[in-house]
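Listed below are the residues making up each chain.
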Amino acid sequence: QVRLAESGGRLVQPGGSLTLTCAASGFTFSDYGMRWYRKAPGKEREWLATITDDGEITNVAPSVYGRFRISRDNARRAVYLQMNDIKPEDAARYYCNGHDSWGPGTQVTVSS
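Notes on the structure in this doc start here.

What counts and what doesn't
- Residues numbered from 1 in each chain as written.
- Predicted model: local features only at pLDDT ≥ 70, side-chain atom pairs only at ≥ 80, totals over all residues.
- Heavy atoms only, no water.
- Pairing = 2+ DSSP bridges.
- Helix = DSSP H or I, 4+ residues; strand = E, 2+ residues; numbered from the N terminus.
- Core = buried A, V, L, I, M, F, W, Y, C linked by side-chain atoms within 4.5 Å.
- Buried < 20%, exposed > 50% of the residue type's maximum accessible area, 1.4 Å probe, protein only.
- Contact = heavy atoms within 4.5 Å.

A separate point is the pairing of strand 8 (residues 78-83). For strand 3 (residues 18-25) and strand 8, the ladder comprises 6 bridges, and the chain directions are antiparallel. Bridged to A23 within strand 8 is A78. Of the strand pairs in this sheet, strand 7 (residues 68-73) and strand 8 are connected by 6 bridges, and their pairing is antiparallel. Note that in strand 8 the partner of D73 across the bridge is A78.

Have a look at this one:
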């Protein structure tokens, strides 16, 4: 059974940093590209970043370019989203996607 489980979301102050983790199971993780998205109340789901199966190529959305970074560890079957200089508009539920599957998401709240 394919399963994606995000973790690491929490309350963070503006300007802070956070790393989200997505743990994958039930499929050959190293064969699949992975993606991060987010969804804020009242807004459309937003694509944030993609990483190829081998981790060699990444793409990051212009809205978060220079602040967010995607990476993966195929040995640990995990993909990460490093978030720096967090802004109030980064508050959302963050999801990983891969193998046509979604996790339940992890909540990031931004407040001073």
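For the rest of this paragraph, the subject is the nonpolar core. Residues W36, V79, L81 and Y94 are the most contacted members of the largest nonpolar core, which totals 28 residues. Of all the elements in the fold, those that place two or more residues in this core are strand 3, strand 4 (34-39), strand 5 (46-51), strand 7, strand 8, strand 9 (92-98) and strand 11 (106-110). When neighbours within four sequence positions are excluded, L81 is seen to be in contact with L18, T19, L20, W36, L48, A49, F68, R69 and Y94.

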